[in-house]
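# Survey of secondary and tertiary structure
What follows is the residue order along each chain.
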Amino acid sequence: KATVSVLNWYTRSAGWAGGPRRRGELVAAMGGVLAKPEVDNRTTVSVASRNHKETNDPSTNFITTSKYTKFNFLPLNLLMQFQRKQNLYFLVNMIIALIPGASPISPASAILPLVFVLTVAAIKDGMEDWNRHKDDKKWNSLGGKKKEGSDTAHLSGVLNDNFKVDSDIASADIKVGDIIKIVKGETIRADVLILSTSDAVEHQAFMETMQLDGETNAKQRQCAQIEEGSKRLNLTRKLTTEAAFKTAKLTCECELPSANLHDWSGQLTYTDHAGSGGQAGVTIDQFLFRGAKIVNTEWVWGMVVYCGMETKIQKNNKPKKPKVAALDVKLNKMIGTIFVAQQCVILTMCILATLDRSDMNSGRTDEDRGDAWHTWYHTNYYGAELIFIWRWMTYFILVSFAIPISLFVTIEITKSCQAQLMSWDRNMRCKLYDANDKPICTAECYPRTSDLNEQLAIVRYIFSDKTGTLTENRMQFHTGEIGKPEAGGTADSGFNFAFDPKAAEPELLRFLRDQGVQGPPAVDRGNTDNVLWYLLSLALCHELSIDFDEGESSTMEDEEPPKTKYQGASPDEVALAKAASASGVEFVARTSSSLTVKILGVPFTYRILDVLPFTSKRKMMSIVLQGPCELQDGNLIDTEKTTRFCLTKGADSVMMSRCAGAVTTERNVDGLVEKVKKQGRASDTWYSDVYYPRLDGELTKLGTLGLRTLVLAYRPLPDQAFLESWHSRYSDAKRIVGTEDRDAAMEACWEDMEIDYRVIGATAIEDRLQDQVPETVGYLISAGIVIWMLTGDKQETAESIAGTAHLVDKQTWQLSYLNAAMPSAYISDVSVGPELQLMRRTCREAWLCGLASDEGSSAQPSFIRESKFASEAEKAFASGLKLSQGIFLNNAMKEVNRAIAEGKKCALITDGGTLGLITPPLEDIEEPVAKEAVERMWGKFIEMAQKVNSGILCRLTPAQKGRIVKEFQNTTGETALAVGDGSNDVPMITESYVGIGIMGLEGSQAVLASDYAIPRFKHLRRLMMVHGRYALYRNSLCIFFSFYKNICLSLIQIYFSFFVRFSGQTLFDSWLLTFQNAAFTSIPPLFVGIFEKDVDEIVAENVPSLYTQLREGLYGDRRAFAVWFGAAALHSGLIFGLVYTTMSNDDTGGSDGRTTDLLSHGAIVLTCEIFTVLTKLSLHIRCWTWLQALGIFLSFFLYLIFLVAYSSIPLLFGSESSFYKSGYYIMGDSKFWLWIFLFVFGVIGCFEMPFLCLQKTYFPTKRDLCQRLAEKRRSVRVHAKQA
């Protein structure tokens, strides 16, 4: 029966319920040989017994992504909401209002607005969490599949203790070690190690990982393989039925759970009933992710290795790093400023109230006290201290309305609506095509957050990837360069050819036919053989698979065979394989152990010994093959022509330094450039003396054309003992559990194999620019945005693409180059002894100090003279000093300053190696002076980077991209936007203030990591110039108006205090005051935040100078705040001052002669204030829509209707209403309507409109001029149509 033990990161042994423990702790606790717990990064999983009655087992597949339960929702949600400072402020306000006698208004008016805001936020959070609960319930209750129409025929599910597939076992009850069967179309319920599949030949399965990384292409997986003689077999190939698991023993030792979707390792041990079996290393190729879907495979048997919250999909469900928009930061500062000013006003009122009390009680008689005689008892009864405290609480309530509580709800709604408008924008939609020009879908803008909408309008730097972002990432083989080993001179040591996919007979195909080629090339070098090696490298050195077009296969003998399509993660490999196929060497079949090509129609099969996959660190990939072989009875048999060799392709920067006869270009200790033959490399005189100069020159030429270049090579492996030894080490390395140890062992094997190979030639692939990229880049640069292109390609290619994209102009721009390479004598080398390592580090630090020296300065740091390696360190310092006077910071800074003085645009060009020297912090630098030197160089670089118009950073790794963006933002404090399309762009997208993902052909990881996703680079222009601009303008206007109307109301209350001896008497009715903020003046700013526009879309998209103003603070700066605050002070003073005459004379009332009370006068003041602020907002609206007009007029009439309705209520909450029938009396008096007319048409007309007309007529802004021009053009078009 199956083994009942799982030694996992969880404890699974019978009778043990100790909770999550590490492996070492478990062994120690069970009386094992370990004396104390050990730290282990591995876990062991064995087949589990099915006992679902266990409830204390912590290794559960139950998942929960929700934050709350029905018991803790209320306290936890309130705790989360009161972490916001504004909510905490209004909570204090509510508590003070509940103190008897402290609040001059009804406590309900302070409670209800806060309750409303908290309720809205709680409903939003509750709905989101309810959806999470439903998703969790759906996942946890998910079972296997049953045969349609049957309750007993289980197609998939978990193997129970009776060794029957049970589909009724819910997902939550799955445990580590369970055997599970999955069928086609079923979603995988846990992380599973694949054991067997319906594919009896290749033992392959395919899954779709849409829920993990957004990719819809099928990912191939294969069962663990072992070698038996010359065959590769599936280790667990017998486990295809339920009965087969009865006597099977399975154990998998693997790494602990992690979020890494691209790497996983372990070792699978299998024993059957006869005691046979074995061990095999397992990797990510044998791993099925939870949440993925099985496709193109009828069924799969697997063993659960991770479950529940330890699965990779759950490990990746981590919240993104929070990003706060600059406008939100300003809003918080604005609130802080108003709070401080508010407290100052309150303290002033309290002091004045105390002084007034002292003045009232300083020996005066009732006659001396005059009109205030009735306050004497109150002021005499309470002491000065109590008066101060009571007044503080009273005025805290009255002045609290200066901070609009409704603003925060309004801003959240408007931002969400703005994001929705982005996704609805038809001008940001386009069709996407795959590598075979087949339409995929119609893509649209996808905002993944709404918090950064306005941040799009103040971007200063854009960091852009090249391939797939500026270009289409639709590769086309363009040019090839092939060496001619039989040539004697450099000029004719090779030849290049242009590839035309539409040609009837490509050049290389004609060459092979002319030469009468009948089979694979010989190991000995010859011109014809080298051409064959070249084409074989294109056809064999890849990780592609073959797919046949659906519906094109046929059983008719006279019809054409089905058309093949190459599928793979790399578009480059697809383009290379297509070129080889058109040239006579066609890749036609691939299995787990072999590759088949047709050379001029004749098939040849090669056995795959090993694949060395591509990594961004190595920038190359290789495949070790043996062949050609003959196929007999399903087995590959060696022939007399069988040879062993390794095919390699990669970037020229690494390939040309590791080949036989390698020659490199580097700087010596004197700073001079020289060509040096690499030591320890095998000799290849033809390459080093004849072909290298030509190949180096051709690569430079191809790079200047903007083509992506790769170098091809092969290495014969005649030494079978070496190959067997290397293969054994490589197989052992792949079985190592633990990513770091395994990677180190595999890298050592890669180093041994990918060396001393023979260079064949090079390829050049064309990747065309996306539509409207030059226009978009030119517009962004004209808008004052500095664009940096970050790429891993060589400098010549990057410069060419930049020129085509209008990122630089070599004819009119000043191009400043920044190049520095540390001499090899100072580079860290762990292979040397400790003494030599110390000397190298000292020289390295001295060289950096020399490199950072300012012009004219040659003073050596003291540590150089005091070092035991003073002589070598002084030479290193001199070497760095000499380089600093050349093509480096000092010279580049001079060029940039000179170009700016001459009015020329300039660009800075450098590479990853140079940036690695000047980007802090450098981990291998210990001397403080050297660290300061690096920081000083970085400061100079940033200073220069802020002056240039664009920049090119080439030869960068993904980690360097993220590091550069992070340091750039931290140093400058400006908004940086990063845009990319692939997984290698994720570091810079996550580090940038605003991350943009392009929906390209390299998966969806960049989109998933981004803040906004767009179909093409050209849409970035509209996203920033239109949607970003409108969001900034709308949100700024919404915020300023909200503060303006509330400050205006608070100032009126403060003015009134001077006429009531600072008693804290309120001028306004409590409910009118509450609804003024929550209802009467909240609808217009909401509509403004959604629909308002300061300029037409066409103007915003075609006048780049308008964008520059946004970044310089056109909206949301201190000046704008001061203007709105000044307007609030002016309007509040006019309203109170003019209406006060009516209040003092008490000449407002009905026709029956009844006079009005204080609250009725307050209602008149409040009416004037509401109509005034709404009219002012109307003057600031530049784009009237029917919804905006509706919002303004609805607010007017809503207030008047409420005034009438409120006056009709005699009782309110069980007590007599203080405003009963008051509205009837004031609205029945003509003075009420006169005041409204006066303030709407008088105050606004006399102050606001003349000011706006004067400004637009005599002091127009660029925005006004552009809008005026647009209106004229619109008028001309209208008249032309009418004519």
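Residues numbered from 1 in each chain as written. Predicted model: local features only at pLDDT ≥ 70, side-chain atom pairs only at ≥ 80, totals over all residues. Heavy atoms only, no water.

We now examine the overall build of the chain. The secondary structure content of the chain amounts to 40 helices and 41 strands. Going through the 1283 residues of the chain one by one, you find that 53% of them count as buried. If you take every contact in the chain between residues at least 6 apart in sequence, the share linking residues at least 24 apart comes to 73%. (Helix = DSSP H or I, 4+ residues; strand = E, 2+ residues; numbered from the N terminus. Buried < 20%, exposed > 50% of the residue type's maximum accessible area, 1.4 Å probe, protein only. Contact = heavy atoms within 4.5 Å.)

Okay, the packing of aromatic side chains next. Two descriptors summarise a pair of aromatic rings, namely the distance from one centre to the other and the angle between the planes of the rings. A complete count under the given rule lists 46 aromatic pairs for this structure. Ring centres 5.1 Å apart and planes at 90° place the aromatic pair Tyr68 and Phe73 in the edge-to-face group. By relative accessible area, which is 5% here, Tyr68 ends up buried. Taking 6.0 Å as the distance between ring centres and 70° as the angle between the ring planes, the aromatic pair formed by Tyr687 and Tyr692 counts as edge-to-face. Tyr692 gets classed as buried once you look at its relative accessible area, which sits at 5%. Here the aromatic residues Tyr461, Phe463, Trp788, Trp938, Phe941 and Phe968 are joined through ring pairs into a cluster of three or more. Sitting above the plane of the Tyr461 ring, Arg460 keeps its charged end 5.6 Å from the centroid. (Phe/Tyr/Trp six-rings, centres within 6.5 Å; stacked < 30°, edge-to-face > 60°. Lys NZ or Arg CZ within 6 Å of the ring centre and 35° of its normal.)

Quick look at the pattern of salt bridges now. In this structure the tally under the stated criterion is 42 salt bridges. Here Asp168 and Lys146 are joined by a salt bridge, their closest N and O atoms 2.9 Å apart. Residue Asp168 is located in the loop between β3 (165-166) and β4 (179-183), and its partner Lys146 is located in the loop between α4 (107-140) and β2 (157-159); the two are separated by 22 residues in the primary sequence. Assessed through its relative accessible area of 52%, Asp168 is described here as exposed. For Lys146, a relative accessible area of 31% corresponds to the partly exposed category. In this structure, Lys1093 engages Glu1097 in a salt bridge whose closest nitrogen and oxygen atoms are separated by 3.2 Å. A relative accessible area of 25% places Lys1093 in the partly exposed class. According to the relative accessible area criterion, Glu1097 is partly exposed, its value standing at 27%. (Salt bridge = Lys/Arg side-chain N within 4 Å of Asp/Glu carboxyl O.)

Before going further, it helps to spend a moment on the sheet that holds strand β31 (residues 708-716). Taken in spatial order, the nine strands of this open sheet run β21-β20-β32-β31-β28-β27-β26-β25-β24, and their pairing is antiparallel. If you trace the sheet from one side to the other, it starts and ends with β21 (494-498) and β24 (585-590), each paired once. Pairs of neighbouring strands in the sheet enclose a mean axial angle of 30°, with direction left out of account. In this structure, strand β20 (residues 476-483) lies alongside β21, joined through five bridges in antiparallel fashion. Following the sheet pairing, Gly480 is matched in β21 by Phe497. Set on the sheet, helix α12 (residues 507-515) makes contact with β20, β21 and β24; between it and β21 the angle comes to about 125°. Here helix α18 (residues 739-753) sits on the sheet in contact with β26 (602-615), β27 (620-632), β28 (635-650) and β31, set at roughly 130° to β26. (Pairing = 2+ DSSP bridges. Axes fitted to C-alpha atoms, helices over the stretch in contact; angles between N-to-C directions.)

All right, on to the side chain of Asp1069 then. Relative to the helices and strands, Asp1069 is located in the loop between α30 (1019-1057) and α31 (1070-1080). With relative accessibility at 4%, the residue Asp1069 sits in the buried group. A distance of 2.9 Å separates a polar atom in the side chain of Asp1069 from a polar atom in the side chain of Tyr1206. Setting aside chain neighbours within four positions, we find Asp1069 in contact with Leu1159, Tyr1206, Ser1218 and Phe1219. (Polar contact = N/O pair within 3.5 Å; in protein donor to acceptor, adjacent residues only side chain to side chain.)

Together, Leu347, Ile351 and Leu355 make up a nonpolar patch on the protein surface, roughly 270 Å² of accessible area in all. When you line up the elements, Leu347 lands in helix α7 (residues 326-360). Assessed through its relative accessible area of 36%, Leu347 is described here as partly exposed. (Patch = residues over 30% accessible without salt bridge, like charges linked within 9 Å, V, L, I, M, F, W, Y side chains within 5 Å. Areas by Shrake-Rupley, 256 points an atom, 1.4 Å probe, with all protein chains shown as cover.)

Here we come to the environment of Asn527. One can find Asn527 in helix α13 (residues 527-540). Considered as a pair, Asn527 and Lys484 are 43 residues apart in the sequence and their alpha carbons are 4.9 Å apart. Excluding residues within four positions of it along the chain, Asn527 makes contact with Lys484, Pro485 and Glu486.

This part is about the nonpolar core. Grouped together as the largest cluster of nonpolar side chains are 144 residues, with contacts concentrated most on Ile462, Leu977, Ile996, Leu1020 and Leu1023. Of all the elements, α30 adds the most residues to this core, at 20 residues. In this view, Ile462 contacts Leu780, Ile785, Val786, Ile787, Trp788, Leu977, Val979, Leu1020 and Met1024; residues no more than four positions away in its chain are not counted. Counting residues in each nonpolar core, the second largest holds 56 residues, with Trp788, Ala873, Val896 and Cys906 among its members. (Core = buried A, V, L, I, M, F, W, Y, C linked by side-chain atoms within 4.5 Å.)

Bringing the sheet that holds strand β14 (residues 293-295) into the picture now. With respect to topology, three strands assemble into an open sheet ordered β7-β6-β14, the strand pairing being antiparallel. Looking at the sheet topology across the chains shown, the edges are occupied by β7 (218-222) and β14. Put simply, the sheet's adjacent strands are angled 40° from each other on average, direction ignored. The pairing of strand β6 (residues 204-208) with β7 spans five bridges and is antiparallel. The residue bridging Met207 from the neighbouring strand is Lys219, located in β7.

The next subject is the confidence of the model for the chain. When pLDDT is averaged along the chain, the result is 82; 87% of the residues meet or exceed 70. When pLDDT is averaged over each element of the chain, strand β19 (residues 459-464) comes out on top at 94 and helix α1 (residues 23-29) at the bottom at 29. Low pLDDT, under 50, characterises residues 52-57; the predicted model gives this stretch seven contacts beyond four residues in sequence or across chains. This model gives residues 550-560 a pLDDT under 50, and the stretch forms four contacts once residues within four places in sequence are excluded. (pLDDT = per-residue confidence, 0-100.)

A separate point is the pairing of β24. Where β24 meets strand β25 (residues 594-599), five bridges bridge the pair, whose relative direction is antiparallel. When the sheet's bridge partners are listed, Arg590 is paired in β25 with Leu595. Linking β24 back to β25 in an antiparallel pair, the connection comprises three residues.

Once that is clear, we can look at unusual backbone geometry. Cis geometry is found at the peptide bond from Gly627 to Pro628, where omega equals 5°. As for its placement among the helices and strands, Pro628 is situated in strand β27. Unusually for a residue other than glycine, His203 sits at a positive phi of about 55°. Relative to the elements of secondary structure, His203 occurs in the loop between β5 (191-197) and β6. The exposure class assigned to His203 is buried, which follows from its relative accessible area of 13%. Not every positive phi belongs to a glycine, and Leu600 is a case in point at roughly 55°.

This brings us to the packing of helix α36 (residues 1158-1180) against helix α37 (residues 1186-1207). One way to put it is that α36 packs onto α37 with a least axis distance of 10 Å and a crossing angle of 170°. Accordingly, the angle class assigned to the pair α36 and α37 is roughly antiparallel. Facing α36, whose interface residues are Ala1163, Leu1166, Thr1167, Ile1170, Phe1171, Leu1174, Thr1175, Leu1177 and Ser1178, α37 presents Ile1192, Ser1195, Phe1196, Tyr1199, Leu1200 and Leu1203. Along the lines of polarity and charge, the residues of the contact of α36 with α37 split into 11 nonpolar, four polar and no charged. (Parallel < 35°, antiparallel > 145°, perpendicular 65-115°, else oblique. Nonpolar A, V, L, I, M, F, W, Y, C, P; charged D, E, K, R; others polar.)

Packing of helix α17 (residues 720-735) against α18 leaves a shortest axis separation of 8 Å and a crossing angle of 160°. On the basis of the axis angle, α17 is roughly antiparallel to α18. Judged by the twist between their axes, the crossing of α17 over α18 is left-handed. For the pair formed by α17 and α18, the contact residues are Phe722, Leu723, Trp726, Arg729, Tyr730, Ala733 and Lys734 on the first element and Arg742, Ala745, Met746, Cys749, Trp750, Asp752 and Met753 on the second. Looking at the contact of α17 with α18, its residues break down into 10 nonpolar, no polar and four charged. (Left-handed = near helix turned anticlockwise from the far one by under 90°.)

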